Amino acid sequence: MTRVAMISGASRGIGAALGRRLVQDGWAVSLGMRQPALPDWATDAVHVQAHDASDPASDAAWVGAVADRFGRIDAVVANAGVMTPKSVIEASDDDIRAMMDVHVMSPRRLAQAAWPLLRASGRGRVVILASLSGKRVKSAKAGSYSLSKFAAVALAHGLRHEGFADGIRATAVCPGFVATDMARSITDFPVDRMTDPQDLARIIALLLDLPNEASVAEFAVNCQLEESF
């Protein structure tokens with residue numbers, strides 16, 4: 001039986017690279033996008049859905065559409081992300097809330113809505129695209145973003161505990177700079193030295209394919225040397 005994965009934030013960057021990789025590996029995929037459009041590499045195994053991670057109604061609607069189309073869900077990859085480069089003092093409540101909505105609340109709702117089908121899979125998978133900013137606060141300007149990403153890491157651990165007995169495995173994937181539009185907009189670090197989205201897609205595909213007996217709680221990926229990562 002073909003496994004089915006949902007990937008949010010799939011119009012470009014990591015999400016698009018992962019969708020393409022999983023289709024090559026034999027998965028069916030549903031790509032959540034603000035403006036849904038089939039990519040040029042799409043096959044009959046690709047479904048696109050309008051998804052806005054800041055809209056609570058959008059999460060359950062997407063899960064319902066995937067269930068109707070494929071009849072199963074084996075993996076949820078919460079990849080959608082936003083970044084407001086402000087310190088925890090500079091940021092407004094709305095700034096913090098916007099990042100928490102996209103990085104924590106929407107992934108939690110997606111997992112919650114898909115939970116019965118993930119359980120029925122016997123090897124359901126949830127990947128939360130967190131960040132190394134969910135493991136350390138690198139600068140004042142990264143503080144607000146880190147606040148939401150620390151919570152995203154905690155969400156992955158909470159899901160891992162909740163689903164373990166039912167064969168659901170959850171992983172927080174924590175990259176540093178990845179060569180995406182977001183990274184280019186916030187740093188002058190050379191793009192050709194950042195992690196390639198296709199390499200991150202390879203890693204996530206591996207994590208999704210591991211057996212239940214090889215659970216990975218966190219996976220840190222970095223393009224530069226840091227003391228701990």
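Residues numbered from 1 in each chain as written. Predicted model: local features only at pLDDT ≥ 70, side-chain atom pairs only at ≥ 80, totals over all residues. Heavy atoms only, no water.

**Let's talk about the sheet that holds strand β4 (residues 75–78)**
Here's step 1: Taken in spatial order, the 7 strands make up an open sheet running β3-β2-β1-β4-β5-β6-β7, and their pairing is parallel. Unpaired on one side and paired on the other, β3 (46–50) and β7 (218–221) mark the two borders of the sheet. Strand-to-strand, the axes of this sheet are offset by a mean angle of 15°, without reference to chain direction.
Here's step 2: Judged from the 4 bridges that link them, strand β6 (residues 169–175) and β7 form a sheet pairing that is parallel. Across the sheet, Pro175 pairs through a bridge with Val221, a residue of β7.
Here's step 3: Where helix α2 (residues 56–70) meets the sheet, its contacts fall on β1 (4–7), β2 (28–33) and β3, and the angle it forms with β3 comes to roughly 155°. (Pairing = 2+ DSSP bridges. Helix = DSSP H or I, 4+ residues; strand = E, 2+ residues; numbered from the N terminus. Axes fitted to C-alpha atoms, helices over the stretch in contact; angles between N-to-C directions. Contact = heavy atoms within 4.5 Å.)

**As for the nonpolar core**
Here's step 1: With 28 residues, the main nonpolar core has Leu22, Leu200 and Ile204 as its most contacted residues.
Here's step 2: Sorting the residues of this core by element identifies β1, α1 (13–24), β2, β4, β5 (125–129) and α6 (197–209) as the ones contributing at least two each.
Here's step 3: If you tally residues by element for this core, the top one is α6, at 7 residues.
Here's step 4: Once residues lying within four places of it in the same chain are set aside, the contact partners of Ile204 are Ile14, Leu18, Val127, Leu129 and Val173.
Here's step 5: One finds Ala111, Val126, Ile128 and Leu155 within the second-largest nonpolar core, a separate group that totals 27 residues. (Core = buried A, V, L, I, M, F, W, Y, C linked by side-chain atoms within 4.5 Å. Buried < 20%, exposed > 50% of the residue type's maximum accessible area, 1.4 Å probe, protein only.)

**Quick word on the pairing of β5**
Here's step 1: For β5, the tally of buried residues reaches 5 of 5 residues, placing the bulk of the element in the interior.
Here's step 2: Here β5 shows a buried face lined by Arg125, Val127 and Leu129 and a second buried face lined by Val126 and Ile128.
Here's step 3: Handedness of the crossover joining β4 and β5 through helix α3 (residues 93–121): right-handed.
Here's step 4: Where β5 meets β6, 5 bridges bridge the pair, whose relative direction is parallel. Along β6, the bridge assignment pairs Val127 with Thr171.
Here's step 5: After leaving β5, the chain enters helix α4 (residues 143–163) and then returns to the sheet as β6, a path that is right-handed. (Right-handed = clockwise from strand over helix to strand, strands pointing away.)

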